[in-house]
Structure formats: C-alpha cells, structure tokens
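Listed below are the residues making up each chain.
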Amino acid sequence: MNSGPARPRVGHIQFLNCLPLYWGLVHSGALLDLELTKDTPDRLAEALVAGDLDIGPISLVEYLRHADELVVLPDLAVGSDGPVLSVLLSTAVPLAEVRTVALGSTSRTSVLLARMLLEELHGLTPTYVTMPPDLPLMLREADAAVIIGDVALRETYEAERDGAAHPLGLIDLGAAWRDWSGLPMVFAVWAARRSFADQHPGVVKEVHDAFRAGLDLALGDVAAVAARAARFEVFDPATLARYFTTLDFSLGGRQQAGIRAFAARAARRGDVPPLRTMTFAQV
C-alpha cells in the first residue's frame, strides 16, 4: 500500500470472532501498512462515525444509523447462517417468566435483536438495564442477559460441556433469527467513511483486498489458526476451529437480504432510519 495518504486508520474488533482477520493481516504482511486500532465493537463504531477511523468494522445497527456517511466493503462481514455460538440470551428463569433483561454494554446489534425476539416473537415486555458484560453480575440484577463475544463463547462451551446440568438457559441469537426470518444474521459490516473513500479509492481497495486475502489465508488453514489461538485462550483447538468455521464472513445476496429484513423491522420500531440503499465501495 504505497499510494494515497499516510497509513489508513483501520479498526479491528478485539474478540475471537475477528481473529482470523487479524491472523491473515499479520501473515500476509499487510499489517505493516495499516494504523490498526483494536477495541470493542461499540467503541470502534463510535470512532468510525466520529472520523477517528477511516475504515473499520461497524455494528449493523450503527451502520444503519449512519448509512449515508459510509460505504460498505463488499464480501466482508461478521455473521452467521444459523447458530453463531457467541451471541446469546442467557436466562436464569424460564423464558416466559423473564421480566428484566441485562443488556451487555459492548453490543448494539445483538441487544436490539434480543429485544425484537423477546417483544415481537415471544410477546414479552421486560424492563431493560445496560451493564458491563459480566454474566454473573448481570444475572444478579436481571432474569436474563444478552452477552456477546468471548464471554458468550465461553458460556456456550460450558453449557455444551455440562449438558443438562448447566444451570442457565441459552438462546443462540443467530439461530433464533434464522428460525424467525429464514435468513442469515449479519452482526457487523466493514465500512469506510464516504468522504475518505471518495478521496482515496485506491487505498480503500487495497485495505479491502488485504482483509479478503488475509481472511482467505486464515480460513484456508483453520487448524493452525485455532491451535495458535488456543495457547492463549480457555478453549481447545477443536472448539476454536469449529467457531471460526461456524462464523459467516461473507456478504452475498442472502446476507444482504438478512440485513434488509433486520433493517425493516428495526425501522418499523423506530430504532433506525429506513435503509434506502446500501452503497458499496468500488473495489
């Protein structure tokens, strides 16, 4: 990447779900050409919208709220076409008895998806409280909790290990959305600020190409990525390999249909403006 401005300011989600992207950037050498900022999804979205990042991941809800200011990088997302394993509604009481729900503070899309499912699908009207993503603390304050990322993946892992002895109920929100809508769930897309993309289209193309090439590299050797990551995580390599191959990093026709379906429901609720069109970066 030797054209355009100084190194583009690029965001990276500091969760295991984006480790294949990071692995690919490191092993392709592209990382040297980026000024990379690692953070939680909510903070990265705020930085991109504020202009503190040029390109980065943004939760679907925040993208929908700022679509006019952004262009989407094609064929790059974080989602699932069924279970996602790391976006959960964890319940301490039967679902029908849920009266209070703790919402994890690091997520925007997942908490809105949970509210849609609880209110529109299950007919519940719980009280919500936003809290840091600490599951024991959340369930001391509420009947149920929405958790994402590594915290949620650990809960999935423990529930599968415990079987019927696990004390909590778990609803995988990726699976619940697919059952409800028949479509994949996209939790985050990658986008560039429209002004940056207009001024530096070649840089946006190079960053997009680096992400896609790096992701293809990582997914082509999932066992090695999982083995390396397992050295620093509570998960064994097989669990991580399953997770990385369960995630859907694509943004094809079905994924875009899933975005439009989610956007339409969210707009009807007044949570986001109507999505007129998704503008893609020219790469």
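In case you missed it, the structure is sitting above this.
The following paragraphs examine the structure supplied in this document. Starting afresh in each chain, residues are numbered from 1 along the sequence in its written order. Residues qualify for local features only when their pLDDT is at least 70, as the model is predicted, and side-chain atom pairs are given and counted only at 80 or more; totals for whole chains, interfaces and linings, by contrast, use all residues. The side-chain numbers reported here are obtained from all heavy atoms of the structure, hydrogens and water having been left aside.

Once that is clear, we can look at the nonpolar core. For our purposes a nonpolar core is just a set of buried Ala, Val, Leu, Ile, Met, Phe, Trp, Tyr and Cys residues, chained together by side-chain atoms within 4.5 Å. Classification of residues uses two cut-offs on accessible area relative to the type maximum, computed with a 1.4 Å probe and protein chains only: under 20% is buried, over 50% is exposed, and between them is partly exposed. In this structure, Y63 and F262 are the most contacted members of the largest nonpolar core, which totals 87 residues. Leave out the neighbours within four places in its chain, and Y63 touches I58, L70, V72, V189, L275, T277, M278 and T279. Grouped together as the second largest cluster of nonpolar side chains are 10 residues, A102, M138, A145 and A152 included. The contact criterion used is simple: two residues touch if any of their non-hydrogen atoms lie within 4.5 Å.

Either a parallel or an antiparallel arrangement is found when strands of a sheet pair, and the pairing is made through backbone hydrogen bonds. Spatially, the 5 strands line up as an open sheet ordered β7-β6-β8-β5-β9, and their pairing is mixed. The open sheet has two edge strands, β7 (127-131) and β9 (169-172), and neither has a second partner. Shown here is a sheet whose adjacent strand axes are inclined to one another by a mean of 25°, direction ignored. Axis angles are defined between N-to-C directions and span 0 to 180 degrees, where every axis is a line fitted to C-alpha atoms and, for a helix, only to the segment in contact. Numbering of helices and strands runs from the N terminus; a helix is a DSSP stretch of H or I covering at least four residues, while a strand is a stretch of E covering at least two. Sheet strands touched by helix α7 (residues 173-181): β5 (87-91), β8 (144-148) and β9. Its angle to β9, the strand with the most contacts, is close to 60°. The criterion for strand pairing is that DSSP finds at least two bridges linking the strands in question.

This paragraph deals with the pattern of salt bridges. Salt-bridge detection follows one rule: a side-chain nitrogen of Lys or Arg within 4 Å of a carboxyl oxygen of Asp or Glu. The tally for this structure, following the rule as stated, stands at 18 salt bridges. A salt bridge links R9 to D54, with the nearest nitrogen and oxygen atoms 2.8 Å apart. You can see R9 sitting in strand β1 (residues 9-13) and its partner D54 sitting in the loop between α2 (41-50) and β3 (55-59), a full 45 residues away along the chain. Put simply, D68 and R276 hold a salt bridge, and the shortest N to O gap is 2.7 Å. Highlighted residues: D68 in the loop between α3 (60-65) and β4 (70-80) and R276 in the segment after α12 (253-269), separated in sequence by 208 residues.

Turning next to the pairing of β4. Working note: regular strand, side chains alternate between the two faces of the sheet. β4 sits mainly inside the fold: 10 of its 11 residues count as buried. Pairing between β4 and strand β10 (residues 185-193): 7 bridges, direction antiparallel. Across the sheet, the residue bridging to V72 is A191, located in β10.

With that settled, the discussion passes to the packing of aromatic side chains. Only centres within 6.5 Å qualify two rings of Phe, Tyr or Trp (six-membered ring in Trp) as a pair; their planes then separate them into stacked at under 30 degrees, edge-to-face at over 60, and tilted for everything else. Within the structure shown, the criterion is met by 5 aromatic pairs. Plain terms: the ring middles of Y157 and F235 are 5.7 Å apart, the flat faces sit at 80° to each other, and that makes the pair edge-to-face. Placement of the pair is Y157 in helix α6 (residues 149-162) and F235 in the loop between α10 (222-230) and α11 (237-246), with a sequence separation of 78 residues. Taking the relative accessible area as the measure of exposure, Y157 reaches 23% and is therefore partly exposed. Judged by its relative accessible area of 1%, F235 is buried. Ring geometry for W177 versus W180: centroids 5.9 Å apart, planes at 90°, classification edge-to-face. Taken as a pair, W177 and W180 lie in helix α7 at a separation of 3 residues, close to a single helical turn. Take W177: its relative accessible area is 0%, and that puts it in the buried class. Taken together, W177, W180 and F262 form an aromatic cluster joined through their ring pairs. Lying over the aromatic face of W180, R265 brings its terminal NZ or CZ to 3.9 Å of the ring centre. The rule for a charge over a ring is simple: NZ of Lys or CZ of Arg within 6 Å of the ring centre, and within 35 degrees of the ring normal.

Here we take up the packing of helix α4 (residues 109-121) against α7. Interaxial distance between α4 and α7 falls to 11 Å at its minimum, and their mutual angle equals 50°. Overall, the two elements α4 and α7 adopt an arrangement that is oblique. Handedness of the crossing formed by α4 with α7: left-handed. Taken together, the residues of α7 that come into contact with α4 (itself represented by S110, L113, A114, M116, L117, E120 and L121) are L173, A176, W177 and W180. In the scheme used here, Gly and all other residues not listed as nonpolar or charged are polar, with Ala, Val, Leu, Ile, Met, Phe, Trp, Tyr, Cys and Pro taken as nonpolar and Asp, Glu, Lys and Arg as charged. Here the residues of the contact of α4 with α7 sort into 9 nonpolar, 1 polar and 1 charged. Reported orientations rely on four angle classes, namely roughly parallel under 35 degrees, roughly antiparallel over 145, roughly perpendicular from 65 to 115, and oblique for the rest. By definition, turning the near helix anticlockwise from the far helix through less than a right angle yields a left-handed crossing, and turning it clockwise yields a right-handed one.

The next subject is the environment of T127. Relative to the helices and strands, T127 is located in strand β7. Along the chain, T127 and A92 lie 35 residues apart, while their C-alpha atoms are 15 Å from each other. Here T127 is in contact with R99, T100 and V101, once residues within four sequence places are set aside.

A positive phi angle, near 55°, is found at D75, a position not held by glycine. Locating D75 in the fold gives a position in strand β4. Phi at L85 takes a positive value of approximately 75°, unusual for a residue other than glycine. Structurally, L85 can be placed in the loop between β4 and β5. In this structure L85 comes out as buried when scored by relative accessible area, which is 7%.

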